[in-house]
Amino acid sequence: MDRAQAYDERLPLPGLAARVRTVWVQPTGPEAVLQRNQPAGGVELQCPVGGTPWLVGPLTRAKAEILPPGLTIVGARFWPGAAAPLLGVPADELVDQIVPFGDVQGEPSDLAARLAEAPGPDAALQVLQLDLVRRQAAAPDPDPLVAEAVRRLMPWQPTGISQLTEGLAISESQLRRRFLAEVGLGPKTLQRTLRFQGYLALAQAATHGRRVADLAAEVGYADHAHLGRECLRLTGLTPRELLGDAVDRCGCGHDHAASYGPFLAGRPA
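Since this is a predicted model, take the numbers as computed values, not measurements.

(A) A look at the overall build of the chain. Helices and strands together make up the secondary structure of the chain, namely 12 helices and 8 strands. The C-alpha atoms of the chain give a radius of gyration of 18 Å, which matches the 18 Å a tight globule of 269 residues would have. Taken along the three principal axes of its C-alpha coordinates, the chain extends 50 × 45 × 30 Å. Within the span of the chain, comprising 269 residues, buried residues form 50% of the whole. Expressed as a percentage of contacts within the chain between residues at least 6 apart in sequence, the contacts between residues at least 24 apart total 72%. Carbon and sulfur atoms make up 54% of the accessible area of the chain, which amounts to about 12,100 Å² in all. For the chain, the distance from the average position of its 26 positive side-chain charges to the average position of its 29 negative side-chain charges is 6 Å.

What follows is the structure, given as structure tokens:
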């Protein structure tokens, strides 16, 4: 079984950027691939070309799966809270679930057929994005209070939940209720996930020579050991196992700039 894989991550169409963090094309090659879906705070729509599209809900821990050989997947990763209004399903029903997209929609969809008819992977990715553009035009906007809360929970501006609710003039119970419906996770759980995503973003962008402790401290970890415990809790792996020997930068061989570039955009200069 091949643990490595080709993975071409890209920025979404400009009209989707407020909802979609990144899109990608992923061919598995001649051997089966061990794929680990990592917690990122949002929902993912993964579409095997010629197969059944599925949704990966907001994850609280990594979920591993075996992808068969000769498969091409196109996909989209949504920002936290952005998928539920588009898909018409409460996000808390998808937590830690991988489910067929059609089951969530509750109605037949021709997306799989149109993807299968695409002349190549790039065309299939375009079909997926245009389908999301169409759905977005008919969908309600994301909850603006939840969207602002997600922005404030990014690791670049550390805040406590009580400070967050006070700033938004909402009770903790009301905020949690709206988070579960829109994001699927409670505010504190999302904050921990985004903090780890912040570390991965810095590791991807890190220049040689930056210490792991510096990267961990920038996103709010108390020390390297704190980072290690959170990495193990979220991914089931240590930072070295996850990123390779270069734990101060991404060692997986994939370029994640399209995903982590927008994530880093709110980081103070």
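Still more ground to cover, so stick around.
(B) Inspection of unusual backbone geometry at higher detail. Even without glycine at this site, Asp96 takes up a positive phi of about 60°. Within the secondary structure, Asp96 sits in the loop between α1 (83–87) and β8 (98–100). The class for Asp96 is buried, based on a relative accessible area of 12%. Unlike most non-glycine residues, Ala169 shows phi in positive territory, near 55°. Residue placement: Ala169 occurs in the loop between α6 (161–168) and α7 (172–182).

Parameters and conventions
- Residues numbered from 1 in each chain as written.
- Predicted model: local features only at pLDDT ≥ 70, side-chain atom pairs only at ≥ 80, totals over all residues.
- Heavy atoms only, no water.
- Helix = DSSP H or I, 4+ residues; strand = E, 2+ residues; numbered from the N terminus.
- Rg over C-alpha atoms; globule rule 2.2 N^0.38 Å.
- Buried < 20%, exposed > 50% of the residue type's maximum accessible area, 1.4 Å probe, protein only.
- Contact = heavy atoms within 4.5 Å.
- Areas by Shrake-Rupley, 256 points an atom, 1.4 Å probe, with all protein chains shown as cover.
- Lys, Arg positive; Asp, Glu negative; His and termini not counted.
- Charge placed at Lys NZ, Arg CZ, Asp CG, Glu CD.

Read these as layout, nothing more, since geometry by itself doesn't imply function.
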